[in-house]
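# Remarks on the overall topology
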Amino acid sequence: MKQHQAGRHVDIIGFPMDLGADHRGVDMGPSALRIASIQPKLENLGYTVSDLGNIIIQNQEKQKVKNPKLKYLDEIVKTTEILARKVEKSLNAEHFPLCLGGDHSMAIGTVSGISSYCKKNRKDLGLIWIDAHADLNTEETTPSGNIHGMSVAVLLGFGNKKLAELHGFFPKIKPENIVLIGLRSVDPGERDLIKKMDLKAYTMTEIDRKGIGFIIDKILKDLKPRVQHIHVSFDVDSIDPITAPGVGTPVSGGLSYREAHLLMETIAECGCMSSLEVAEVNPILDSNNKSAEITAELVASSLGLRIL
Ligand code: MG
Ligand code: MG
């Protein structure tokens, strides 16, 4: 059915990045999501939509790994800065930026742009990070050197300076305004940082015990009165790989199809999400674009699609 979102304009920004991850193919994520009709799905909800195309990122064949603890750092810094500027420009125009990844290093750019916009407009920023992983490694703790596992740490101001100080300032977010949901694969260094920073982290165990509905209600009840901009960063590996197999770093025991929808529908009902990104769709590992289709449906749910 068609629900009208009068006056809301969505900017789609593609970020075909696979330099931050081990399994190749996530650079095709933005195409897979476009093929899954993400734009018509949003237009059917009454949004006007501009697809701003992809940010140009050099492929791995043209790159060298200079530091195995920070693979492809230079190209990631360069392109996430471009993304930060695009996202900020979209928000300045009072549009809703929807970023399509690409691996989750994308969030370093997206959240930097959003945070800069929030600073200039005196808004407090909240970040809902939906992911099987905490993405809280630094160059000291990383087991892989993959920058997509460092995004949250960097946004908090930890780790490599070029990443942490992207877009000219740091930190990008206050620790009390971050919520991690769906965790089930956390490295020792990440666990330490969650404890040290007292981050709000909801593991799959807690979701099993309390239910995703209860948890997201609680999160929104806490965040909504305290922040004026909520960004949702959705790593598709938060969903169980039985449902969404096309992700670079699958981990068993994730969100079911219905749990993921309830989560996104509840965020939509709150009316408080001001930007969204979806990361880690990997068409090479997918089956008939199933994971991109599910992701496009979840994006529509988070922007107001309802059964009735
Ligand atoms: Mg991630
Ligand atoms: Mg992940």
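Please read these numbers as outputs of a predicted model, since none were measured by experiment.

The rules behind each value
Residues numbered from 1 in each chain as written. Chains lettered and ligands numbered in written order. Predicted model: local features only at pLDDT ≥ 70, side-chain atom pairs only at ≥ 80, totals over all residues. Heavy atoms only, no water. Buried < 20%, exposed > 50% of the residue type's maximum accessible area, 1.4 Å probe, protein only. Helix = DSSP H or I, 4+ residues; strand = E, 2+ residues; numbered from the N terminus. Pairing = 2+ DSSP bridges. Donors = N, O, S within 2.8 Å, 3.2 Å for Na, K, Ca; no water.

### With respect to the pairing of strand β7 (residues 229-235)
Within β7, seven of the seven residues are buried, which leaves it mostly tucked inside the rest of the structure. Residues H229, H231, S233 and D235 line one face of β7 and the alternating positions I230, V232 and F234 line the opposite face, and both faces are buried. Bridge analysis of strand β4 (residues 125-130) against β7 gives six bridges, and the strand direction is parallel. Within the sheet, the bridge partner assigned to G126 lies in β7 and is I230. Looking at chain direction, β7 and strand β8 (residues 273-279) are connected through six bridges and run parallel. Opposite V232, over in β8, you have L276 as the bridge partner.

### Description of the coordination of the magnesium ion (ligand 2)
With distances of 2.1 to 2.6 Å, the protein atoms coordinating the magnesium ion (ligand 2) are D131 (OD), H133 (ND1), D235 (OD), D237 (OD) and D237 (OD). Look at where the donors of the magnesium ion (ligand 2) fall in the sequence and you get D-x1-H-x101-D-x1-D. Separating the magnesium ion (ligand 2) and the magnesium ion (ligand 1) is a distance of 3.2 Å, and D131 donates to both of them. Note on accessibility: D235 and D237 belong to one class, buried.

### What to know about the coordination of the magnesium ion (ligand 1)
The coordination sphere of the magnesium ion (ligand 1), as far as protein atoms go, consists of H104 (ND1), D131 (OD), D135 (OD) and D235 (OD), spread over 2.0 to 2.2 Å. For the magnesium ion (ligand 1), the donor residues sit on a single chain with the sequence spacing H-x26-D-x3-D-x99-D. Looking at H104, the relative accessible area reads 0%, which means it is buried.

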